[in-house]
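Structural description and commentary
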Amino acid sequence: MLFNSRIFVVFAIAFFLFWPFARRTLNRRWAYIVVFSFFFYGWWDWRYVFLLIGTGMVDFLAGLAMERRPEQKRAILMVSLAANLGTLGFFKYSAFIASNVNALAAAFNVSSFLPEIALTLPVGISFYTFQSLSYTIDIYRGHLKPTRNPLHFFAAISMFPHLVAGPIMRAAVLLPQLEEDRRPTRGQLWMGLQLIAHGFFKKMVIADNLAPIVNEAWNGQFVAASFADWWLLVMMFGFQIYCDFSGYSDIARGLAKWMGYEFSFNFKHPYLSTSLREFWTRWHISLSSWFRDYVYIPLGGARRGELRGHLNMWITMLLSGLWHGAAWTFVIWGAIHAFFLSIERITRWPERLRRFPFGRAAALSFVMAQVAVAWVFFRSASLHQALEIVRGMFTLNAFAVTLSRTGLFFLGLGIAREVYVWHRPERPQWLPLRTAVMGELAWYACVVTACIFLRGAGSAFIYFQF
Amino acid sequence: MGFLARISCRFWIIAVLATAMVVAVAHVRPPEGQFGTGLSREKFWLVKLRAPATYDLVLAGDSRTLCDLDPASMEQVLRRQRVLNFGFNVVALTPDYLQAAADKLDPSSAMRTLLIGITPRALTPVNAKLSGYDEEKNRDWDEKVFNWAMDPVNSPLRPIMPAAMLQYVLGTRVSYKDFFPNGWMSVSLRPADSTADLGVYRRIFVRNQISPKMYDAFLGKVRQLAASGIRVRVVRLPIAPGLFDQEETKSGFDEQALIRDLHANGAEWVASPPGPWVITDGSHIDAASAPEYSRRLAERLAPARILAATIGQ
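Residues numbered from 1 in each chain as written. Chains lettered and ligands numbered in written order. Predicted model: local features only at pLDDT ≥ 70, side-chain atom pairs only at ≥ 80, totals over all residues. Heavy atoms only, no water.

**What about the overall build of chain B?**
- Per the secondary structure count, chain B includes 16 helices and 7 strands.
- Here the C-alpha atoms of chain B give a radius of gyration of 22 Å, agreeing with the 20 Å that 2.2 N^0.38 yields for 313 residues.
- Across its three principal directions, the C-alpha atoms of chain B cover 80 × 45 × 40 Å.
- Within chain B, residue pairs in contact and separated by at least 24 positions form 80% of the contacts whose partners lie at least 6 positions apart.
- For chain B, the exposed area adds up to about 13,900 Å²; of that, 58% sits on carbon and sulfur atoms.
- One way to put it: in chain B the 37 positive side-chain charges average out to a point 2 Å from where the 32 negative ones average out. (Helix = DSSP H or I, 4+ residues; strand = E, 2+ residues; numbered from the N terminus. Rg over C-alpha atoms; globule rule 2.2 N^0.38 Å. Contact = heavy atoms within 4.5 Å. Areas by Shrake-Rupley, 256 points an atom, 1.4 Å probe, with all protein chains shown as cover. Lys, Arg positive; Asp, Glu negative; His and termini not counted. Charge placed at Lys NZ, Arg CZ, Asp CG, Glu CD.)

If you want it as structure tokens, here you go:
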């Protein structure tokens, strides 16, 4: 079920209508969340609900077993990792691995021997697998006590706002919240409304209007007249994916607030970063912090010397790329980020550049350019296509911009919105509070109106495919 | 702050303000159509897909068929024949689509005819990928129910670009689309601009020529339909000269070869009635001109005795 579908409106109304009654006792609250979340997930394909239950049960039982048999907790963790990563690998990477092994075999004149079965990828499998993994790893590390109630466990793992596209909520953060009867505060309700309105605006108005132009270009239907066209197109994709994904996160956080819960931040204006390192503290924060805590730091982080630090960072970024999709283009996307991060670490160019006049603006533009080049590989269907586009971006042939005005309008709107939200002016002293609040309410009415009249053709969220 | 501190009050104020804004925009925006057919775009597709198998003549093809051919005008010429326009936007002439069109023919009719409006685009992979027919057919049932139920507000709440709104308010440009129960979608661009779609046609055939596989599949389906007793007739509907040049030079379309292949597979080629016709946006005949074009085309389809009777009236 998509947040931007009509059926979700009915679903959400039904959920919040009875939520005040359902949340009062523990089991009723958890059961209510689980039933609605499974319905939400099963709307796409009910068969995969059993997969969700199956992998979840492995982790739930692993948690209990680790508490009961601490001397065997390493082996139990391995079972949990094998079950989760095995399922993820089977659905997401089996065809990719098979095709690469077969290609390698062909290079040595050995005939293909692995079947390349294209399986339907269960929606959000990468997200809920990581959410579930954090539960057993945290128990193994002694950071979390296992819950004894499967409803409690599944309410945390499968809670519908974050189930299919994050933010990746760790069990250690969500389980304690679910133990309390949290009546949403006035602030949470208001903040939730703001987040949901902004989330829908980002998705329906900006991302969905940029999508057809970007898709046309990457499908080969648009012939860019100049390098400027390509840079603008890549910027459009950058804003499309940002508004699509952060819009989803905003809606998820807003819904959680209406339930009385708090989800972690997932985006903090990443395109206003002045270094790539800063970018990764602002982009998909729940995933990057997951990789930091469960991959990068366990590998040794930067504590074991500079070279080892670079190596660990490269491993983390490559895995992050692979997490996004079973294709070399995603791995290269991770590698490009790792490469630019390594250069940044060695040269410390952002700090140096920021000392100059307009250095901050220059650093921001340079980071944006690096991210844009990496996005080309992320979006492209093949390495060949990505290289063609990168060549187009760096062939200074002409300055003519032939892109549609609609696309430029929504790119401009996306940039303007981002800058406005970041530099939102405080209420001037002379403006009465009541007037300011009314102004804000009128603003949100405009946002709702824009979502209706400026909406693009509805489409699934990009991150669903991951 | 008083009542403004209460979230429910804030919620209701936003709801009231947003409703007022929506009503205001819906009031000043250009109307979708000019004839008031009482059918919204969403319901139009549903009606078309669910049309019963009671027709003698079904018109199949992409947006040119959809917009250029008015079944009511054709019925005036083809007396006692029931005509359905089964055209869709960006459709590909796949066996699946052609079969769906043929399924609308009355099995008991003695005059079962499928008129295919052919365009080079309709035999390209991009049309197959973006097929409007597939999009409407595969729409989720909840969306179909919602579209049906929300029919009265679908049109006023349709998205509109600020530029289009401004052009309408300034009176510089406005486009209309009307949806008729017989499957015709009339279009009008005021003022007419026969180069409006030229940009699209310049791009559409880039790395997207006629697919030999689709071409063969099309002929195969034509042969099968003709063999089943359906009279299959094919026409190439008119477009503006600039767009025609793009089709001729970039799409890989060979009209003469197609005519030969159609004859070899049991179909008939129908020459399009000579113009000039008002091509409102370069690729579709204007709403005011389409009925006349449809009548002229119907005259070419009509058996001599029916035509004589019609002219004699």
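Now, onward.
**Here we look at helix 6 (residues 150–158) of chain A**
Residue and element names in this part refer to chain A.
- Most of helix 6 is tucked away, with 7 of its 9 residues classed as buried.
- Packing partners of the buried residues in helix 6 comprise helix 2 (26–42), helix 3 (47–68), helix 5 (125–140), helix 7 (160–163) and helix 8 (171–178).
- Between a side-chain oxygen at the N-terminus of helix 6 and the backbone nitrogen of L151 the separation is 2.8 Å; the capping residue is N149. (Buried < 20%, exposed > 50% of the residue type's maximum accessible area, 1.4 Å probe, protein only. Polar contact = N/O pair within 3.5 Å; in protein donor to acceptor, adjacent residues only side chain to side chain.)

**With respect to the sheet that holds strand 7 (residues 268–270) of chain B**
Residue and element names in this part refer to chain B.
- Taking strand neighbours across the sheet as the criterion, the 5 strands line up as 2-1-3-6-7 in an open arrangement whose pairing is parallel. Among the strands making up the open sheet, the edge pair consists of strand 2 (83–85) and strand 7. Along the sheet, successive strands turn relative to each other by an average axial angle of 25°, direction set aside.
- Bridge count between strand 1 (residues 57–61) and strand 2: 3 bridges; the pairing is parallel. Bridging across to strand 2, V58 finds its partner in L84. (Pairing = 2+ DSSP bridges. Axes fitted to C-alpha atoms, helices over the stretch in contact; angles between N-to-C directions.)

**Some details on the pairing of strand 6 (residues 231–236) of chain B**
Residues and elements named next belong to chain B.
- Here strand 6 lies mainly inside the structure; 5 of its 6 residues are buried.
- Of the strand pairs in this sheet, strand 3 (residues 113–118) and strand 6 are connected by 6 bridges, and their pairing is parallel. Along strand 6, the bridge assignment pairs I116 with V234.
- Pairing analysis gives 3 bridges linking strand 6 to strand 7, with the strands arranged parallel. Bridged to R233 within strand 7 is E268.

**Observations concerning unusual backbone geometry**
- Omega for the peptide link from R190(B) to P191(B) comes to -5°, which places this bond in the cis form.
- One non-glycine residue, H269(A), lies in the positive phi region at around 50°.
- Tracing the chain through its elements places H269(A) in the loop between helix 10 (227–259) and helix 11 (276–279).

**Examining the interface of chain B and chain A**
- Between chain B and chain A, the residue contacts involve 35 residues of the former and 32 residues of the latter.
- Linking chain B to chain A there are 0 salt bridges.
- Summed over the shared surface of chain B and chain A, the result is 4 residue pairs in polar contact (both at pLDDT 80 or more).
- When residues of the side of chain B that touches chain A are traced back to their parent elements, those giving at least two are helix 1 (7–28), helix 6 (125–129), helix 8 (141–149) and helix 11 (198–204) of chain B.
- With 11 residues, the top contributor of residues to the side of chain B that touches chain A is helix 1 of chain B.
- Partitioning the side of chain B that touches chain A into residue classes produces 25 nonpolar, 2 polar and 8 charged. (Salt bridge = Lys/Arg side-chain N within 4 Å of Asp/Glu carboxyl O. Nonpolar A, V, L, I, M, F, W, Y, C, P; charged D, E, K, R; others polar.)

**What to know about the packing of helix 12 (residues 285–296) of chain A against helix 13 (residues 306–324) of chain A**
Residue and element names in this part refer to chain A.
- Axis separation between helix 12 and helix 13 bottoms out at 10 Å; the angle between their running directions is 130°. As the angle between them shows, helix 12 and helix 13 are arranged oblique. The hand of the helix 12/helix 13 crossing is right-handed. In this structure, helix 12 contributes L287, F291, V295 and Y296 to the contact, and helix 13 contributes G309, N312, M313, T316, L319, S320, W323 and H324.
- Counted by class, the contact of helix 12 with helix 13 contains 7 nonpolar, 5 polar and no charged residues. (Parallel < 35°, antiparallel > 145°, perpendicular 65-115°, else oblique. Left-handed = near helix turned anticlockwise from the far one by under 90°.)

**Notes on the pattern of salt bridges**
- For the structure on display, the rule yields 32 salt bridges over all chains.
- A salt bridge links D244(A) to K203(A); its shortest N-O distance comes to 2.8 Å. Separated by 41 residues along the polypeptide, D244(A) in helix 10 and K203(A) in helix 9 (residues 186–218) bring together distant segments of the chain. Of the two residues, D244(A) and K203(A), both sit in the buried class.
- Each of R64(B), R236(B), E247(B), E248(B) and E255(B) takes part in one network of salt bridges that share partners.

**Considering the layout of surface pockets**
All names here are of chain A.
- In this structure, the second largest pocket spans a volume of roughly 810 Å³.
- If one sorts the elements of the lining of the second largest pocket by residue count, helix 12 sits on top with 7 residues.
- Class assignment for the residues of the lining of the second largest pocket results in 11 nonpolar, 8 polar and 8 charged. (1 Å grid on protein atoms, 1.4 Å probe; cavity = no way out; pocket = protein on both sides within 12 Å on 5 of 7 lines; lining within 4 Å. Points joined across faces, edges and corners; volume = space filled by probe spheres on them.)

**Quick word on a positive patch on the surface**
- Together, R277(A), R348(A), R352(A) and R355(A) give the surface a local cluster of positive charge.
- Summarising the element assignment, R348(A) is placed in the loop between helix 14 (328–347) and helix 15 (349–354). (Patch = residues over 30% accessible without salt bridge, like charges linked within 9 Å, V, L, I, M, F, W, Y side chains within 5 Å.)

**Thoughts on helix 12 (residues 212–227) of chain B**
Residue and element names in this part refer to chain B.
- Counted at 1.5 Å a residue, the expected span for helix 12 with its 16 residues is 22 Å, and the 22 Å between its end C-alpha atoms agrees.
- Within the span of helix 12, buried status applies to M214, Y215, F218, L219, G220, K221, V222 and L225.
- The inward-facing, buried residues of helix 12 abut helix 5 (95–102), strand 3, helix 6, strand 6 and helix 14 (255–264).
- Among the residues trailing helix 12, G229 stands out with phi positive, at a value near 100°. (Expected span 1.5 Å × (residues − 1).)

**Regarding the nonpolar core**
- Counting residues in each nonpolar core, the largest one holds 140 residues, and the members touching the most others are Y271(A) and W375(A).
- The contacts of W375(A), once residues within four sequence positions are left out, are V234(A), F237(A), G238(A), I241(A), Y271(A), W283(A) and W333(A).
- L49(B), L114(B), Y215(B) and V232(B) belong to the second-largest nonpolar core, a separate cluster that totals 45 residues. (Core = buried A, V, L, I, M, F, W, Y, C linked by side-chain atoms within 4.5 Å.)

**Considerations on the pairing of strand 5 (residues 185–190) of chain B**
All names here are of chain B.
- Burial analysis of strand 5 places 5 of its 6 residues in the buried class, which makes it a mostly covered element.
- Pairing of strand 4 (residues 174–179) with strand 5, which is carried by 6 bridges, proceeds in the antiparallel orientation. By the bridge assignment for strand 5, K177 is matched with V187.
- Hairpin connection, strand 4 to strand 5: the antiparallel pair is bridged by 5 residues, and G183 has positive phi, about 100°.

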